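What follows is the residue order along each chain.
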Amino acid sequence: MTRVIPMLIFFVLCNTGGELAMSYGMKKVGEPQSFRPMALLRFVWVAVRNQWLWVAIPLLAASFYSLLILFSWAPVSVVIPASASNYIVGTVGAKYLLKEEISFKRWMGVVLVCLGVTLVLLTGRI
Amino acid sequence: MSHEHRLRFKTLVMVLLMVVCANTGDLMLARGMKQIGTVVISVPGLQQALWMTIQNASIWIGILFLVGFTFCYMTAVSWADYSFVMPAGAFGYAVQTGLAIMVFHEGVSAQRWIGVALICAGVLLVGQTKPNTTNIGVLPS
C-alpha cells in the first residue's frame with residue numbers, strides 16, 4: 001500500500017491536471033467560427049499551436065500509464081473508486097483554477113455521477 | 001432561442017457525439033484486437049501484432065472514432081465549463097449498458113442498474129445548470 005497511495009495521487013493529479021490544462025487551452029483558442037471544413041481545420045491548427053494543449057498531452061499520457069501500473073499493483077476495488085474521484089477533484093480544480101461557478105445542483109450531480117461510475121465499473125464490464 | 005438555451009443545446013449535442021464516438025471507437029478497437037488474437041509479449045510477437053494492427057480495418061475505424069471523440073471534447077470545452085462537460089460525458093456508461101443488452105444480449109446486474117440510474121440522475125442535474133459560468137474569449141493569451 002506504501003507505493004499504491006502515492007501512485008493513486010499521481011494518477012488523479014495527472015488526469016485532472018491534463019483535463020484542466022486542455023480545458024483552459026481550449027477556452028483560449030475559442031470555439032470554431034462555423035462547422036465548415038476550412039473553419040474546423042483552422043480551429044484544429046490554432047488548437048495544436050496552443051501551449052496548454054502540449055501541457056495536457058504528457059499529463060494525460062502519464063495518467064494513462066499510471067492507471068495501467070495501478071491495475072497491476074492493486075485490486076480493482078481500490079483503483080476504480082480512486083479513478084472515479086477524478087470527477088470530484090476535477091470539479092474542485094474547475095472551481096479554483098478555472099474559476100467556474102459550481103452551484104449546489106452541479107455539485108450534487110457530480111457526486112451522483114461519481115457514485116454511479118464507481119458502481120458501474122465495479123461490476124467488471126467496462 | 002436564448003443564448004443560454006442555444007449553448008446548452010449545442011453542448012449536449014457535442015456530449016452526445018462524444019459518447020457515440022467513444023463507444024463506437026472502443027467497440028471497433030475491441031473487435032479489431034479480437035480479430036488479431038492474443039498478443040505474445042516478445043520482440044517478434046510485438047512486431048507481428050503491430051504489423052497486424054496496421055493492416056486491420058476495424059482498428060483504423062476505431063482510431064478514427066476516437067480522434068472524433070477528442071475533437072468533440074476539445075470543441076465542447078472551448079465554449080462550455082469543464083465541470084459541465086466532464087460529468088455529462090459519464091452518460092457513456094449508460095449507453096454502454098444499453099449496448100450490452102441490445103447488441104451483445106448480456107445480462108445486467110442490479111448493481112450496474114443502480115449505477116446507471118445514479119449517473120443518469122447526476123447528468124440530469126448537471127444538465128440543468130448553466131453550461132458556461134466563465135467569460136469565453138477574454139482569457140489572457
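Chemist: Would you take a moment to explain the environment of A94 of chain B for this structure?
Modeler: Residue and element names in this part refer to chain B. Among the structural elements, A94 can be located in helix α5 (residues 91–102). Residue classification places A94 among the buried positions, given a relative accessible area of 14%. Along the backbone, A94 and P44 are 50 residues apart, and their C-alpha atoms lie at a distance of 40 Å. Setting aside its immediate chain neighbours within four residues, A94 contacts V116 and C120.

Chemist: What is the right way to read the side chain of N86 of chain A from this model?
Modeler: Its place among the elements puts N86 of chain A in helix α5 (residues 86–96). Side chain to side chain, N86 of chain A and N15 of chain A meet in a polar contact 3.4 Å long. Looking at N86 of chain A, its side chain comes within polar contact range of the side chain of T16 of chain A, at 3.4 Å. With sequence-adjacent residues up to four places away left out, N86 of chain A is seen in contact with F11, V12, N15 and T16 of chain A together with M86 of chain B.

Chemist: Looking at this model, I keep getting lost on the interface of chain B and chain A. Mind explaining?
Modeler: Where interface size is quoted, it is often the accessible area lost as the parts come together. Between chain B and chain A, the contact holds 47 residues from the first and 45 residues from the second. Across the chain B to chain A interface the summed buried area is about 3800 Å²; carbon plus sulfur atoms make up 69%. Along the contact surface separating chain B from chain A lie two salt bridges. Residue D81 of chain B is joined to R106 of chain A by a salt bridge in which the shortest nitrogen-to-oxygen separation is 3.0 Å. Here chain B is connected to chain A by 13 residue pairs in polar contact (both at pLDDT 80 or more). Of all elements in the fold, only α1 (3–36), α3 (57–79), α4 (82–89), α5 and α6 (110–127) of chain B reach the threshold of two or more residues within the side of chain B that touches chain A.

Rules used throughout
- Residues numbered from 1 in each chain as written.
- Chains lettered and ligands numbered in written order.
- Predicted model: local features only at pLDDT ≥ 70, side-chain atom pairs only at ≥ 80, totals over all residues.
- Heavy atoms only, no water.
- Helix = DSSP H or I, 4+ residues; strand = E, 2+ residues; numbered from the N terminus.
- Buried < 20%, exposed > 50% of the residue type's maximum accessible area, 1.4 Å probe, protein only.
- Contact = heavy atoms within 4.5 Å.
- Polar contact = N/O pair within 3.5 Å; in protein donor to acceptor, adjacent residues only side chain to side chain.
- Buried area = accessible area lost by both parts, 1.4 Å probe.
- Salt bridge = Lys/Arg side-chain N within 4 Å of Asp/Glu carboxyl O.

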